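Inside the fold
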Amino acid sequence: MSPQREDFFKKELVEELRRVEALVRQEPSIEKKIYYFSAAYGITNRTFRYSFSKEVLIADLLLNGIYNMMVERLNLVKGGNCTVSIDPMIFEIICDGLRDLADGFESGTGIFEALQTITAAAYSMTGPGNYLREKGDLKL
């Protein structure tokens, strides 16, 4: 693949991740925050199909799984199960992780820490994750 093509897709990936971060950060509705977050794995999926990278593939798989965790919690809350509430502060941490993810892709310095941040924050919305957070073992 030509370097120009790789640069184009990397630029698109970074711009879209930054857009997703801004949309999630600005949106007051938890439901819409999750909806906007889905664009993060949307762009990673499109990117690795046109400019394959193992890092982008890993990001895609994690972001997709994270989205599914968030949707599951939202559906439980909407269904009346409020044992684990969705703390809006978690989305600030997720947004920080999205920013760092975009920075990592842009600079080539790595994405592992950003993915750890996003994954841990989203995991804290699950029953086991919330329990670990309440115990003090999962620190955000």
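Look a little higher up for the structure.
Residues numbered from 1 in each chain as written. Predicted model: local features only at pLDDT ≥ 70, side-chain atom pairs only at ≥ 80, totals over all residues. Heavy atoms only, no water.

1. Quick look at the nonpolar core
Basically, it comes down to this: For this analysis, a nonpolar core means a set of buried residues of the types Ala, Val, Leu, Ile, Met, Phe, Trp, Tyr and Cys, connected via side-chain atoms within 4.5 Å. Any residue under 20% of the maximum accessible area for its type is buried, any over 50% is exposed, and the rest in between are partly exposed; the area is computed with a 1.4 Å probe on protein chains only. Per the convention used, a helix needs a DSSP run of H or I reaching at least four residues, while a strand needs a run of E reaching at least two, with both numbered from the N terminus. Should any heavy atoms of two residues lie within 4.5 Å, those residues are considered in contact.
Membership of the largest hydrophobic core comes to 37 residues, with the highest contact counts inside it found for Leu17, Phe37, Met70, Phe91, Ile94, Leu101 and Phe105. Broken down by secondary-structure element, the contributors of at least two residues to this core are helix H1 (3-26), helix H2 (30-50), helix H3 (54-78), helix H4 (88-107) and helix H5 (112-123). In terms of residue count, the dominant contributor to this core is H4 (nine residues). In this view, Phe105 contacts Lys10, Leu13, Val14, Leu17, Glu55, Val56, Ala59 and Ile111; residues no more than four positions away in its chain are not counted.

2. Details of the packing of aromatic side chains
Worth spelling out the cut-off: For Phe, Tyr and Trp, rings pair up if their centres lie within 6.5 Å, where Trp contributes its six-membered ring, and each pair is then called stacked (planes under 30 degrees apart), edge-to-face (over 60) or tilted (otherwise).
Within the structure shown, the criterion is met by five aromatic pairs. Consider the rings of Phe9 and Tyr50, whose centres lie 5.4 Å apart with planes at 5°: the pair is stacked. Separated by 41 residues along the polypeptide, Phe9 in helix H1 and Tyr50 in helix H2 bring together distant segments of the chain. For Phe9, a relative accessible area of 16% translates into the label buried. Ring centres of Phe48 and Phe52 lie 6.2 Å apart, and the angle between their planes is 90°; on these two criteria the pair is classed as edge-to-face. Three or more aromatic residues joined by ring pairs form one cluster here, namely Phe8, Phe9 and Tyr50.

3. Some remarks on H4
To be explicit about the condition: Each residue after the first adds 1.5 Å to the expected span of a helix. In protein, a polar contact requires one atom able to donate a hydrogen and another able to accept it; more generally it is a pair of N or O atoms within 3.5 Å, and residues adjacent in sequence count only if both atoms are side-chain atoms.
Across its 20 residues, H4 extends 29 Å between first and last C-alpha, which sits within 8% of the 28 Å expected from 1.5 Å per residue. Taken residue by residue, H4 has Ile90, Phe91, Ile93, Ile94, Cys95, Gly97, Leu98, Leu101, Ala102, Gly104 and Phe105 as its buried positions. Residues of H4 that are buried make contact with H1, H2, H3, H5 and helix H6 (127-135). Where H4 starts, the residue carrying a side-chain oxygen 2.9 Å from the main-chain nitrogen of Met89 turns out to be Asp87. Gly108 sits one or two residues past H4 and shows a positive phi near 75°.

4. Description of the pattern of salt bridges
We count it as follows: Only one rule defines a salt bridge in this text: a Lys or Arg side-chain nitrogen within 4 Å of an Asp or Glu carboxyl oxygen.
Considering all chains together, one arrives at twelve salt bridges under this definition. Close ionic contact of Arg19 with Glu16 constitutes a salt bridge, the shortest N to O distance being 2.2 Å. Of this pair, Arg19 and Glu16 are both found in helix H1, three residues apart, which corresponds to roughly one turn of the helix. Relative accessible area serves as the criterion here: at 44%, Arg19 is assigned to the partly exposed category. The salt bridge involving Lys135 is made with Asp137; its shortest N-O contact spans 3.1 Å.

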